[in-house]
Every structure is written in C-alpha cells, then in structure tokens.
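Tertiary structure, described
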Amino acid sequence: MDFSSFLTSLATSFILFVILMFLFTWLSRKSGNAEVYYPNRILKGMNPVEGGYMTRNPFAWMREAISSSETDIINMSGVDTAVYFVFLATALGIFVFSGIVLLPVLLPVAATDHTIRAVNTTSKGTFNELDKLSMGQVGNSGARLWAFIVATYWVSIVSYFFLWRAYKHVAELRAKALMSPEVRADQFAILVRDIPSVSEGQSKKEQIDSYFSAIYPETFYRSMVVTDNKKVNKIYEELEGYKKKLERAEAIYAESKNTNPDALKPSHKTGFLGIIGEKVDSIEFYNDKIKELIEKLEAEQKLTLKEKQQSSALVFFNSRVTAASASQNLHAPIVDTWTVMDAPEPRQLIWTNLSKKFYERIIRQYVVYVVVFLTIFFYMIPIGFISALTTLDNLVKMLPFLKPVVKLQVIKTVLEAYLPQLALIIFLALLPKFLLFLSKAEGIPSESHATRAASGKYFYFTVLNVFIGITLGGTLFTSFKSIEHDPNSIFGVLAKSLPQNATFFLTFVALKFFVGYGLELSRIVPLIIFHLKKKYLCKTEAEIKEAWAPDDLGYATRFPNDMLIMTIVLCYSVIAPIIIPFGVAYFGLGWLLLRNQALKVYVPSFESYGRMWPHIYTRMIATLILYQVTMLGYFGVKKFKPTPVLFPLPIISLIFAFICQKKFRRFFISPALEVVSHELKEVPNMEIVYRSFIPPCLSAGKPDEDQFEDALSHVSKPGSSSV
C-alpha cells in the first residue's frame, strides 16, 4: 500500500465516522426512532431522553457516557457489561501508558538511524516515510536497539500493573453482586447431573429427594427432575405461533372495521404457504387450532413428566449459603455420579444438554476440539489468499487480466485502501454462529458458558489465522522466490518484512474503529429494518415490540474482536510504535461509544456476575506472552547479541498468571460462602424461586398441580432462611 492509499483509507474512514455520528444525532432526536436508539431505557420504564429530543446537542451523548458511573452501567446492563468496560479500560490504560514512553523515545531513535537505507518499504519507496519510524530501519547492532529492549520491558511492566488491578477490581464487582440483598432464584438452586439408576420400587423424584434431604436435612426444599422436552416444546411453540396469528388476524379485522363497518373477516388458505387448499375464516380457524393444541399440550405435559425423565435435576434449598456450599462439594466417591454445580439463571439453561452423561460430555468436548482445530487449519488457506491481496502487485500476479483496470489511479487507490480489510472483516463475520453451535454441542448446560466457550474458540482462531496468518502469509507470499532459492534466508526475510505488515494492520484497525463504531452508533441497519417491519409486516403491539427488541452486546464475538486488536497493537507496539495511537483510539472510542449503547440500547440476555473475566484475563496473558515471544524472535533474527536479556519475560508472565489465577480464579468458579452469607432484605418466597425454573412448555396451559407429581417433588421443608 502506498502512502496516498493509506491517507485515503484513514481520511475517508474518519469522514464516514463523522457523518455517521451526526446522522445518529439527527435520527435519535426523532420520537419515532426512540425504540431503536433507547430500547433499554424504554423497557425499564424510563424516559428515553431526559429534557426532550430537540434540546439535545450533537455531543450530549458523549457527556452522558463520560459522566455515567460503574453503578449506572450495572443498574442498566448488569455486572457482565461492567466487566467488559473494565477490559476496555485495562487495554486503554496499557496502551496509553506504554505510548507515553514509546512514542517520544522510539520514534526519534528509529527516524534518526541511517545504518539501513529505505529499501525494504511496503510499496516501492512511496511509503518509506512511515517505514523510517519502525524498528525495521534500525541497524542490527548498536546502542539504539537497547532502547527497544527497554521498551519491551516497559510494555510488559505496564501490562502486569493494569492486569493485576483489573482482576482485583472485577473480583470486587462479583463479590458485591453476589452479596446483594436482592433475592435471585439461581442463588438458591444447584444443578445435579449424572444421577445413577433408580433402585427398584423407587421413583427418580424419591431418589433425589431422599439423597439430598439426608445430606442437607435442615435446608433442602424441593427438587425438579429434568425431562426430555423436545416434543412438548414443539407443541408449545406451535401453540404460541397460532396465538400470534390469531392476535394478528383480530388486529387486521379491527382495523378494517374502522374504515369499513361491513368488512369481512380475514381468511386464508390452509395449504402450502397459504396459496393453495381450502379457504377458511382465519379467526375461527386459529381459535380451533389453539383449543386443539392446548388439549394436546396438556396431554403431552403429563406424558413428559411421567415417562421422559432424565438423569439430571435441579435441587432447591431455602438457604443460599447451603446452595453455594453444595455446588462446590464432592457428593459421591465416584466422579461420574451425582455431579453438582451451581445453577445458572433459569433463562440460561440449555435443557437439551442437561441430560448428557459424564463420559459423553468428555467425548463431545474432544471431538469439538478436533473440529475447531481443523476449522482453524483449513481457514488458513483462504486467509493466506486474503493476505496476498494486501498489495495490488500480488493481486495482478494472481489475476493478470486485472492489470489494465488496476492501472487506473482512482480504482487503484480505492482497492488498496479498502479491499483487503473489507474482505477480511466479511470473512470473519461468517464464523461466530458455527463456533457457538460447536460450543453447545459439547453438552454445556448454560448460555453464558456456551458464549464463553465460543468466545475462546473465536479468539484463538482470529489470532492464529488473522494476526499470524496475515503476518506470515503476506511476508512469505511476497518473498517466496528468494526463499525458494535460499531456504536459510527465511528468517532474514521475516525480520525485514515484519515491520512492513504494520501498514496493513494500521488501516485494518482504523477501519474497525472509525467505520465499525460509526455504524454501531448510528444503528442505520437496525433502524431501516425496524421501520420496514413496522410499516409492512407488524399489525399488533407484540409484533412491533418484537421488531425493535434489542440484542445484547454479543460477547461471543465482541471480546475476541477486541482481543484481536489488542494482540495486533501490543505485538507491533515496539516494532512499529506508530500503531499505538490507533490502539488508543480504538479502545478509547469503544469505551465511550459502547458506554452509550450499554446505557440506552443493549439489554443483556444473561447475567453470570463477571464469570467471563478469568477467560478474558487468560487471553490477555496469552497475548502478552505472544508479544514477548515475537520480540524475542525478532531481536534474535536481527542477531542482536544482548537478546537473551528478554528470555525472562515469558517466564515472568507465566509466573504472574499463575499467581493471579491461584489468588482470584477460585472465586469465579464457585461463590464464596462469606459473600453469600449476607442478609437478604426479605424472606425468599421459595415457591416463586422454584417455579421460575419450570420451562414455559411445561407451565403453559395452566395444568393441574398433581400432574407434576412424578417429576417435581413436594415441599420437604417449609421453613425459610434469610441467607
């Protein structure tokens, strides 16, 4: 990429961001768009914009985001969202404090070194002004390289400081949330899996009740045997579908009656897609279907609860101290029976996975690991081709017929500025759902756990394929002939070419934070979709609400994408320090903009009280070690004799990670008894706690209480505790 293409990419990305920001300011003022820009506030019964829409200035959202406290974030979006902002603040702190030293020291050191002439530039000498600011322009020996050695240590020390502080702070956030006086259903329940076979003459419910009432005689409350709900859930979803259709047909009829008192009732054909078959009165047809399905649902509910019981259950206690203690205790001498863990929120449960056996889960896990490995490996092939597109010279070599088109200056500038980055971003967008599917296939019991697992897979994929794949793929592609003639030259080629890949990543990061965050703030796509649905598809209030229903922050992809940027910026921070301001801009703008979105737009789909943090921390440590190993290898390739002084850094990082994990991690696996022993503000209603875990497909239709006898046990202990 030449210098003009780089400036074109940077300038147009910035202009797009400014346009999108002012577009957001204009659109968010209109009351008809409140559901798109303030859904979180609307769902909480708050005024979307205090002071009215027209009184807002273009930068009011920035002031509100900056002035908001961590407590405001927790109140609006939960602890997990607050933890995400701790991550953003940690990355931002690392780059700001690193840049304070690296930029004023390393840039002059590189720029004033004349031992290497600018022959290894990214595009035939036109980009060499930026190349001069990288470590690639510093000679292979001499005192100047000591500045880069010291800088490597400085970045590591800054990282240790911010990572330690962040881990401690997140632990405090989790503790404060878990000791809350509010009654939360999941704090009074445990999930029990791998229940052994029932003895003759004893039901599954009796087996579970007798087992736990014997161990916890004073606090055991009730149990709920997990059942195979596939068929009953299918009927329930069909029933809900007909209820929505009935509501829609009635709304259409009421609307037509307002304009024409003699309007006919809506009708439809019962055949394929409503275009063939018998024509029927829609309202009567849907009412008949609903009555038929309610009877069918109630019959299937009874059958499911009696005959489709699984080897897992939810067990409830009237004390959250007991529930916390039970979740972390060994209940049987053999590990593949009576496996116990703390229960997730009711909305998080993946019911189809709860009955998976101990060894089945292990086998599934390893099979998924193999599939993920193969996915990462085979994705390297197309990623390698994408890396070849980072220069038009390579593109013309691969596709010679493009040469006449590429010669046009306008097309050349646009292609070099955007094609590789957009191709990579689109390519990565295809992967997350597949990885989330694989994570759930492991037998993971909760949505938050599946999200954490998918996030980890996506992170390692992006690091291995994007960062390492682009770096090595681009370098090897451009230098293939020289390496073919002299295989031993590969290390020297990598040393000379590594700093030049920073130019690709500079534009990649700029595109991500300017255009990506601009689209995030303006919400153009959700706005268009909402208004199209509202005008042409929605007939009822429920349909309108469903059209604007907000998503969550999307942790499964957001964390890995941010970690990729952190990896790129950290690994190039010493090699090409000019990348640091881009990292600061990415995480600083992200902290500001996403704070606005968390307060007003996104609604969390689950709450795990910061349980994702140890996984985030592990990946940040992995990124730090990758940075240190990269620097160690780069200094080694440059044959700088004092290179061994960097050997202690990866070891120090591993020791630091070990200490942090030993000190903090256990609390993120199991709730501390000291924390959950705090008083509640009211005596918990255990019946409400218990019923919150009954899946909708089993509670719908108002079935008689006695039909739950076989799977849902009677109250064993009526007493309640305050903790």
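Residues numbered from 1 in each chain as written. Predicted model: local features only at pLDDT ≥ 70, side-chain atom pairs only at ≥ 80, totals over all residues. Heavy atoms only, no water.

Within an unreviewed UniProt entry, the label attached to the chain reads Early-responsive to dehydration 4, and the organism entered is Solanum tuberosum. Recorded under Subcellular location (unreviewed entry), the UniProt text for the chain is reproduced unchanged: "Membrane". (UniProt positions renumbered as here; feature names shortened; annotations may be inferred.)

To continue, consider helix H12 (residues 320-327). With seven of its eight residues buried, H12 lies for the most part within the structure. In this structure, the buried side of H12 is in contact with helix H8 (144-178), strand S1 (189-193), strand S5 (309-317), strand S6 (339-342) and helix H28 (673-676). Its side-chain oxygen at 3.3 Å from the backbone nitrogen of valine 321, serine 319 defines the N-terminal cap of H12. (Buried < 20%, exposed > 50% of the residue type's maximum accessible area, 1.4 Å probe, protein only. Helix = DSSP H or I, 4+ residues; strand = E, 2+ residues; numbered from the N terminus. Contact = heavy atoms within 4.5 Å. Polar contact = N/O pair within 3.5 Å; in protein donor to acceptor, adjacent residues only side chain to side chain.)

The next subject is the nonpolar core. Grouped together as the largest cluster of nonpolar side chains are 117 residues, with contacts concentrated most on Phe87 and Trp613. Among the elements that line this core, the one with the most residues is H8, at 17 residues. If we skip the residues at most four places from it in the chain, phenylalanine 87 touches Phe559, Asp562, Met563, Met566, Phe587, Trp613, Ile616 and Met620. Counting residues in each nonpolar core, the second largest holds 35 residues, with Ala185, Leu293, Leu305 and Val689 among its members. (Core = buried A, V, L, I, M, F, W, Y, C linked by side-chain atoms within 4.5 Å.)

Here the structure, examined in full by the defined rule, presents 39 aromatic pairs. Where phenylalanine 87 meets phenylalanine 559, the ring centres are 5.6 Å apart and the plane angle is 65 degrees; that geometry is what we call edge-to-face. Remark: phenylalanine 559 occurs in helix H24 (residues 555-572) and phenylalanine 87 occurs in helix H6 (residues 79-111); sequence separation between them is 472 residues. Summarising the burial analysis for this pair, phenylalanine 87 and phenylalanine 559 share the class buried. (Phe/Tyr/Trp six-rings, centres within 6.5 Å; stacked < 30°, edge-to-face > 60°.)

Here we take up the pairing of strand S2 (residues 220-227). The buried fraction of S2 is high, at eight of eight residues. Pairing between S2 and S5: six bridges, direction antiparallel. Note that in S5 the partner of arginine 222 across the bridge is phenylalanine 316. (Pairing = 2+ DSSP bridges.)

Turning our attention to the packing of H24 against helix H26 (residues 613-637). Following both chains from N to C, one finds H24 and H26 inclined at 25 degrees, their axes separated by 9 Å at the closest point. The pairing of H24 with H26 is recorded here as roughly parallel in orientation. Once H24 is placed against H26, the crossing between them reads as right-handed. Across the interface between the two elements, Phe559, Met563, Met566, Thr567, Leu570 and Cys571 from H24 touch Ile616, Arg619, Met620, Thr623, Leu624, Leu626, Tyr627, Thr630 and Met631 from H26. For the contact of H24 with H26, the class distribution of residues is eleven nonpolar, three polar and one charged. (Axes fitted to C-alpha atoms, helices over the stretch in contact; angles between N-to-C directions. Parallel < 35°, antiparallel > 145°, perpendicular 65-115°, else oblique. Left-handed = near helix turned anticlockwise from the far one by under 90°. Nonpolar A, V, L, I, M, F, W, Y, C, P; charged D, E, K, R; others polar.)

For the rest of this paragraph, the subject is a negative patch on the surface. Residues Glu238, Glu284, Asp288, Glu292 and Glu295 make up a contiguous surface patch of negative charge. Counting residues per element, the negative patch draws most heavily on helix H11 (residues 282-307), at four residues. Relative to the elements of secondary structure, aspartate 288 occurs in helix H11. (Patch = residues over 30% accessible without salt bridge, like charges linked within 9 Å, V, L, I, M, F, W, Y side chains within 5 Å. Areas by Shrake-Rupley, 256 points an atom, 1.4 Å probe, with all protein chains shown as cover. Salt bridge = Lys/Arg side-chain N within 4 Å of Asp/Glu carboxyl O. Lys, Arg positive; Asp, Glu negative; His and termini not counted. Charge placed at Lys NZ, Arg CZ, Asp CG, Glu CD.)

Before going further, it helps to examine the sheet that holds S2. Spatial strand order, S2-S5-S1-S6: four strands in an open sheet with antiparallel pairing. Looking at which strands have only one partner, the edges of the open sheet turn out to be S2 and S6. Pairs of neighbouring strands in the sheet enclose a mean axial angle of 25 degrees, with direction left out of account.

The bulk of non-glycine residues show a negative phi, and the bulk of peptide bonds are trans. The phi angle at arginine 523 is positive, at roughly 50 degrees, despite the residue not being glycine. Tracing the backbone through its elements, the reader meets arginine 523 in the loop between helix H21 (502-522) and helix H22 (524-536). For arginine 523, a relative accessible area of 11% translates into the label buried. One non-glycine residue, tyrosine 609, adopts positive backbone phi at about 55 degrees. With respect to the element layout, tyrosine 609 can be found in the loop between helix H25 (580-600) and H26.

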